[in-house]
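# Structure assessment
Now for the letters of each chain:
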Amino acid sequence: MQNNLTQGSMFKNLIRFSLPFLISSFLQTFYGLADLFFVGQWCGADTITAVSVGSQVTHMLTVVIAGLSMGSTVAIGHSVGAGKKEKAARVIGNTVTLFAVFALALTFLLILCLDGVVAVLATPPEAVEQAKEYLLVCFIGIPFITAYNVISSIFRGLGDSKTPMYFVAAAGVINIVLDCILIGPFAMGARGAAIATVAAQGCSVLLAFTAMQRRKAQIGLQVQDLKPEQGTLPGILKVGIPIAVQDGIIQISFLVITAIANGRGVDVAAAVGIVEKLIGFFFLVPSAMLSSVSAIASQNAGAGKHEQAEKVLWYGIRISVCFGLAVAFACQFAAEALVGLFAGEEPEVIRLGGQYLRSYAFDCAAAGIHFCFSGYFCAYGKSVLSFVHNVASALLVRIPGAYLASLYFPESLYPMGWAAPVGSLLSVAICVIFYMRGRESLFFHMNPKS
């Protein structure tokens, strides 16, 4: 289905588009949390740490791939908004070719670097072998991760956020069933969790590919569209590369924080790993707003309807802030209970995780603002602005803040949790400056090249 997101109420378009995306993200995160949940029920702190460390690495890869594929979503959105069906087909074909090569190269490289990845993260000795087992299986599954994100980006560029939701729903059911079998009765620990995840992703890709084949005629995709084209690939990469690099640096900052935590022992490492998973779950709404603002604003930008693109931005910010404040408030009272869902019989992990979550939770509100600005910048092909504010936040606040908090407050994780929301506030300030200056000079009112 190809949806025109330039007509009607922008608020209704935002809600209609973001809800299926949000449900998809919820299901994807849910079955990621399922790994940690079942490991927490049947295994000890060493396995929890191995899965949390390994899943953070794979999450980083997923985020980078999704960021790179954002270039395709925006390019397709511009073409659809401008009514250029043949151009949209060329973008889709070039996207498939680009990511097929990228996935194979990345898989080969990461398998070679497996030992180095585990060592760089300062993984506690008790968890090293299981972390390697988890990551090896996940690295082999990178083509599945890539294929799912690419096909989803294509559908969203066409204005369809519902179809990817069905892929993830099926994957979630498969993952949970396999977790129950492989981690429980088969006692495969971290390796079982990884196998369940990769198998589920493989099934979602099969469903996604089937859906693409059925809609091939609607899209107008031809074999010649797969041939790399000088006028198409640069447009995808111009938006996608800055987002991918920015997201990579942000995720590296999280991995650095994980390494700092790992150096403080297995209990701290497990606590930080669990909270990072929870925060990833809470960030579903801001993330849905980012992708939805980008997709809807890109179609409106392509159609020259810039006031509607701005409306989408501000609607997204309001929704994200309200949700983020509600989450932060709830976490002040339920932090230990939430961490306890995944920590099993590990009271020290629960205590430390509760401290970390109470402060970190405020990032849900602050990050929601700059997420929406990032989606808006990307819709106009100005993803380098998103790159600047996110990198500044990570390098100037998040990493040094976490390190200093760990150094001066070794008995508590509460101060360390503030590094993220304070970093996001810096991003918000930079975004507002970019937006105001760009708007005054009609920077965001120029029709993007398509």
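These lines cover the structure that appears in this document, whether it is placed above or below. Keep in mind that what you see is a predicted model, and the values were worked out from it rather than measured.

We now examine the side chain of Ser412. With respect to the helices and strands, the residue Ser412 is situated in the loop between α16 (383-408) and α17 (414-417). Polar side-chain contacts of Ser412 include one of 3.1 Å to the backbone nitrogen of Tyr414. Those residues in contact with Ser412 that sit more than four places away from it in its chain are Arg264 and Gln355.

Before going further, it helps to spend a moment on a nonpolar patch on the surface. A cluster of nonpolar residues, Tyr403, Leu404, Leu407, Tyr408 and Phe409, forms a patch on the protein surface that exposes about 560 Å² of accessible area. Here Phe409 shows up in the loop between α16 and α17.

This next bit is on the nonpolar core. Of all hydrophobic cores here, the largest spans 60 residues; its most connected members are Ile274, Phe282, Tyr356, Leu357, Leu413 and Met416. Ranked by residues supplied to this core, first place goes to helix α11 (residues 266-282) with 9 residues. Counting 22 residues, the second-largest nonpolar core is a separate cluster that includes Leu313, Ile317, Leu385 and Cys431.

Looking now at empty space enclosed by the protein. Within this structure, the stated rule accounts for 2 cavities of 30 Å³ or more. Considered as a void within the structure, the second largest cavity measures approximately 50 Å³ in volume. Taken together, Phe254, Ile257, Glu276, Tyr356, Tyr360, Ala402, Met416, Gly417, Ala419 and Ala420 make up the full set of residues lining the second largest cavity. Where the lining of the second largest cavity is concerned, the elements lending two or more residues are α10 (233-262), α14 (347-360), α17 and α18 (419-440). Taken together, the residues of the lining of the second largest cavity sort by class into 8 nonpolar, 1 polar and 1 charged.

Below, the discussion takes up the packing of aromatic side chains. Evaluation of the coordinates by the stated rule reveals 15 aromatic pairs. Aromatic side chains Phe283 and Phe371 sit 5.6 Å apart centroid to centroid with 85° between the ring planes, which places their arrangement in the edge-to-face category. Residue Phe283 is located in the loop between α11 and α12 (284-302), and its partner Phe371 is located in helix α15 (residues 363-379); the two are separated by 88 residues in the primary sequence. Of the two residues examined, Phe283 and Phe371, each falls in the buried class. Here the aromatic residues Trp314, Phe373, Tyr376, Phe377, Tyr380, Phe434 and Tyr435 are joined through ring pairs into a cluster of three or more.

A few words now on the environment of Pro347. Of note, Pro347 is situated in helix α14. Separated by 337 residues in the primary sequence, Pro347 and Met10 place their C-alpha atoms 48 Å from one another.

Quick look at the pattern of salt bridges now. Considering all chains together, one arrives at 5 salt bridges under this definition. The salt bridge partner of Asp115 is Lys132, with a shortest N-O separation of 3.3 Å. Here Lys132 lies in helix α5 (residues 128-140) and Asp115 lies in helix α4 (residues 114-120), a separation of 17 residues in the sequence. Of the charged contacts in the structure, one is a salt bridge between Arg351 and Glu348, with a shortest N-O distance of 2.6 Å. Of this pair, Arg351 and Glu348 both sit in helix α14, separated by 3 residues, roughly a single helical turn. Residue class for Arg351 comes out partly exposed when judged on its relative accessible area of 36%. Judged by relative accessible area, which is 32%, Glu348 ranks as partly exposed.

The rules we used
Residues numbered from 1 in each chain as written. Predicted model: local features only at pLDDT ≥ 70, side-chain atom pairs only at ≥ 80, totals over all residues. Heavy atoms only, no water. Helix = DSSP H or I, 4+ residues; strand = E, 2+ residues; numbered from the N terminus. Polar contact = N/O pair within 3.5 Å; in protein donor to acceptor, adjacent residues only side chain to side chain. Contact = heavy atoms within 4.5 Å. Patch = residues over 30% accessible without salt bridge, like charges linked within 9 Å, V, L, I, M, F, W, Y side chains within 5 Å. Areas by Shrake-Rupley, 256 points an atom, 1.4 Å probe, with all protein chains shown as cover. Salt bridge = Lys/Arg side-chain N within 4 Å of Asp/Glu carboxyl O. Core = buried A, V, L, I, M, F, W, Y, C linked by side-chain atoms within 4.5 Å. Buried < 20%, exposed > 50% of the residue type's maximum accessible area, 1.4 Å probe, protein only. 1 Å grid on protein atoms, 1.4 Å probe; cavity = no way out; pocket = protein on both sides within 12 Å on 5 of 7 lines; lining within 4 Å. Points joined across faces, edges and corners; volume = space filled by probe spheres on them. Nonpolar A, V, L, I, M, F, W, Y, C, P; charged D, E, K, R; others polar. Phe/Tyr/Trp six-rings, centres within 6.5 Å; stacked < 30°, edge-to-face > 60°.

So, to be careful, I would describe these as geometric facts and stop short of saying anything about function.
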